[in-house]
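So you can see what is in the structure, the chains are spelled out below.
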Amino acid sequence: MTYGKNSSSKKRRVLSNESKWGYLFILLPLCTFTLFTLYPLFDALIISFQKFKPLKTEWVGFDNYITTFKNSLFYKSIINTIVYTVLTVPLSMLLSFVIAILIAPLTKRKQNFFKAAYYLPAIASGVALSFVWKWIYDPLPTGLLNRIVHFFGVENQNWLGSSKTSMLSLVLMALLSSHGTSIIIYIAALLGIDNTYFESAEIDGATFFQKLHYIVLPLVKPTTVFLFITGVIGSFQVFQNAYLMTGGGPDNSTTMVGLLIFNNAFTYFDYGQACAQALVLTVIIAIFTFIQFKVTGDGVEY
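Residues numbered from 1 in each chain as written. Predicted model: local features only at pLDDT ≥ 70, side-chain atom pairs only at ≥ 80, totals over all residues. Heavy atoms only, no water.

A.B. asks: So what about helix H13 (residues 257–266)? Which residues, and what values?
C.D. replies: Counting buried positions along H13 gives 8 out of 10 residues, so the element sits mostly inside the fold. Turning to H13, its buried residues are Val257, Gly258, Leu259, Leu260, Ile261, Asn263, Asn264 and Ala265. For H13, the secondary structure elements touched by its buried residues are helix H3 (72–103), helix H12 (240–245) and helix H14 (271–296). (Buried < 20%, exposed > 50% of the residue type's maximum accessible area, 1.4 Å probe, protein only. Helix = DSSP H or I, 4+ residues; strand = E, 2+ residues; numbered from the N terminus. Contact = heavy atoms within 4.5 Å.)

A.B. asks: Account for unusual backbone geometry, with residues named and values stated.
C.D. replies: A cis amide bond links Gly249 with the next residue in sequence, Pro250, at an omega value of -5 degrees. The residue Pro250 is located in the loop between H12 and H13 in this model. Phi is positive for Asn252, which is not a glycine, with a value near 60 degrees. Checked against the element boundaries, Asn252 lands in the loop between H12 and H13. For Phe269, which is not glycine, the phi torsion reads 55 degrees and is therefore positive. The topology assignment puts Phe269 in the loop between H13 and H14.

A.B. asks: Requested: an account of helix H4 (residues 108–123), with residues and values cited.
C.D. replies: Under the 1.5 Å per step criterion, the end-to-end length of H4 is 22 Å for 16 residues, consistent within 8% with the ideal 22 Å. Along H4, the largest kink reaches about 30 degrees and is centred on Ala117; proline Pro121 follows within four residues of it. (Expected span 1.5 Å × (residues − 1). Bend = angle between axes of the 7 residues up to and from the residue.)

A.B. asks: Can you explain the layout of surface pockets? Please cite residues and give values.
C.D. replies: Volume-wise, the largest pocket comes out at about 700 Å³. Looking at the largest pocket, it is lined by 28 residues, and the ones nearest its centre are Tyr84, Ser92, Ala174, Ser178 and Gly234. Looking at the lining of the largest pocket, the elements with two or more residues in it are H3, H4, helix H5 (126–136), helix H7 (166–177), helix H8 (180–191), helix H11 (221–236) and H12. Element by element, the count of residues in the lining of the largest pocket is highest for H11, at 6 residues. For the lining of the largest pocket, the residue count by class is 14 nonpolar, 14 polar and no charged. Empty space within the second largest pocket amounts to approximately 600 Å³. The wall of the second largest pocket is formed by 23 residues, among which Gln237, Ile261, Ala278, Leu279 and Thr282 lie closest to the centre. At the level of elements, helix H1 (2–47), H13 and H14 are the ones that each hand at least two residues to the lining of the second largest pocket. (1 Å grid on protein atoms, 1.4 Å probe; cavity = no way out; pocket = protein on both sides within 12 Å on 5 of 7 lines; lining within 4 Å. Points joined across faces, edges and corners; volume = space filled by probe spheres on them. Nonpolar A, V, L, I, M, F, W, Y, C, P; charged D, E, K, R; others polar.)

Below you can see the structure in the form of structure tokens.
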């Protein structure tokens, strides 16, 4: 009996020591999260109820939120963001999945080459990419895209200066320069599927599309749900492309919520209004994420 008690006490001491080391290792990430996420969030919440000025603040209650919900530009920016998300996220995921399907059967060296090639735009400077795309969308006849469409008998287009084409131009830019991460994640998911499933399917005479439908799609569903949710969250926070390419124009046709918040904070210095809009955006993203989990997350294990 004494030996059993000593053994259990030793186990408790070992677990206690391991717990201490565990808490020590998460201390730095926890401090970082508190300092750069929790504190700004609570600070933004307080500022959203104030008329914020550098040397003095005035408590205005819910006025910033009332102004936000009465502002037609805020609703337009929400619609623009939803349109951008609906066009960008599904198409980007489809392209990423198709490219991953094509890369996965290749040799390791070829896989590494294509993964690096597709991921390269993700590590390039956003400013540099924007200058390249501005050259592509140059409205003059010398612009690359205008040269291409000229071969099909289409007249020169002011791609970024027209409300008819500005949003589609940003969507095309996102589709062709920002899905390298999704491709790599999809390739990892595809390579994680046991080959015995495919061998059994081939013995039964399954076609490529049957294997894709009954084996690949169900087994990569957790990856698809993850990419879908993170893609929507990232798309709702889009700022850089609209800011650098169009500045929100023309006629606010590409003004996204993130750009509107930035302008209120750093152009008009209305920090209370900007914080109120940012928190409303946070709630909208949370609602969309909850709906996505409920609709797509059933039976998915991570």
